[in-house]
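What follows is the residue order along each chain.
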Amino acid sequence: GKSHEEIVKEIKKYTKIAEDMNIMLVYEVHGIPRFNDKPHDVLRLFRDVNSPFFKCQVDFMHIMRNCSGVLQSPPLDIIEGEWGKLPAIFIRMLGEYVGDVHVDDAILNWTVGMGRTPFGKGFVDFEEALKALKEIGYEDWLTLDIHTIPGDIWQNTVESKQYLEKVLQKLQST
């Protein structure tokens, strides 16, 4: 595989093209065994590329898998903190590098390490994660990432949207 420096050089080349076209490149962190998915490697990548046209797509469930060490190969890079607060901790760690957000809730799944569940029924502390997004100045889209939740997709969508709206209303009133 390529070294960190080679990857940064490649990304900078494509970031220049993105800048010329006035579009943003977004890297989605999945937290599976491959280069740059460990939390501090991700931060290092964005610091080294250092472009407003290259941002991180954060996904609450992926963050929990990534920051807790589930599926990481040694040496582990685990973020300390309460498990449900890992999305907020990682969002604050990335700060200005967050460029897109997938909102989902997570449960343990022994096949793939983590799985999705309707919002509010898993481990994610939504209130804390949304506060973290506000703190870093993120004011863009929140994508409901519910495609792999077992059961009725439409019912899961409605329930998850209602839960998210309730949390957002609570945060707006404080």
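The coordinates are above.
Residues numbered from 1 in each chain as written. Predicted model: local features only at pLDDT ≥ 70, side-chain atom pairs only at ≥ 80, totals over all residues. Heavy atoms only, no water.

Another point: the overall build of the chain. If you tally the helices and strands in the chain, you get 6 helices and 6 strands. Listing every helix and strand of the chain by position from the N terminus yields α-β-α-β-α-α-β-β-β-α-β-α. Compactness check: the chain gives a C-alpha radius of gyration of 16 Å against a globular reference of 16 Å for 174 residues, within 12% of the reference. Residues counted as buried form 46% of the 174 residues belonging to the chain. Contacts in the chain between residues far apart in sequence, at least 24 positions, make up 69% of those at least 6 positions apart. Counting 20 positive and 27 negative side-chain charges, the chain places the averaged centre of each group 2 Å from the other. (Helix = DSSP H or I, 4+ residues; strand = E, 2+ residues; numbered from the N terminus. Rg over C-alpha atoms; globule rule 2.2 N^0.38 Å. Buried < 20%, exposed > 50% of the residue type's maximum accessible area, 1.4 Å probe, protein only. Contact = heavy atoms within 4.5 Å. Lys, Arg positive; Asp, Glu negative; His and termini not counted. Charge placed at Lys NZ, Arg CZ, Asp CG, Glu CD.)

Okay, the nonpolar core next. Within soluble globular proteins, side chains that are nonpolar tend to cluster in buried spots. In this structure, Leu45, Val58, Phe60, Leu94, Val101, Phe126 and Leu133 are the most contacted members of the largest nonpolar core, which totals 43 residues. If you list the elements that add at least two residues to this core, you get α1 (4–21), α2 (39–49), β2 (54–59), α3 (60–68), α4 (86–94), β3 (98–103), α5 (126–135) and α6 (153–172). The residues touching Leu94, leaving out its near neighbours within four places in the chain, are Val42, Leu43, Cys56 and Val58. (Core = buried A, V, L, I, M, F, W, Y, C linked by side-chain atoms within 4.5 Å.)

So, about the packing of aromatic side chains. Summed over the entire model, instances satisfying the criterion amount to 7 aromatic pairs. Taking 4.6 Å as the distance between ring centres and 20 degrees as the angle between the ring planes, the aromatic pair formed by Phe46 and Phe54 counts as stacked. Both residues of the pair, Phe46 and Phe54, count as buried. Among the aromatic side chains, those forming a connected cluster through ring pairs are Tyr27, Phe46, Phe54 and Tyr97. (Phe/Tyr/Trp six-rings, centres within 6.5 Å; stacked < 30°, edge-to-face > 60°.)

Right, let's talk about the sheet that holds strand β1 (residues 25–28) for a bit. On the basis of which strands lie adjacent, the open sheet formed by 4 strands has the order β1-β2-β3-β6 and parallel pairing. Edge positions in the sheet fall to β1 and β6 (142–144), since each has one partner strand and no second. Looking at each pair of strands side by side, their axes are set apart by 25 degrees on average, direction ignored. Contacting β1 and β2, α2 runs over the sheet at an angle of about 160 degrees to β2. (Pairing = 2+ DSSP bridges. Axes fitted to C-alpha atoms, helices over the stretch in contact; angles between N-to-C directions.)

Before going further, it helps to spend a moment on the packing of α2 against α4. Packing of α2 against α4 leaves a shortest axis separation of 10 Å and a crossing angle of 25 degrees. Comparing their axes, α4 and α2 come out roughly parallel. Crossing of α2 over α4 shows right-handed handedness. Each of Pro39, His40, Val42 and Leu43 in α2 lies in contact with α4, whose residues at this interface are Phe90, Met93 and Leu94. (Parallel < 35°, antiparallel > 145°, perpendicular 65-115°, else oblique. Left-handed = near helix turned anticlockwise from the far one by under 90°.)

As for its position among the elements, Asp105 is in strand β4 (residues 105–109). At 2.8 Å, the side chain of Asp105 forms a polar contact with the backbone nitrogen of Gly120. Polar contacts involving the side chain of Asp105 include one to the main-chain amide nitrogen of Lys121, which spans 3.2 Å. (Polar contact = N/O pair within 3.5 Å; in protein donor to acceptor, adjacent residues only side chain to side chain.)

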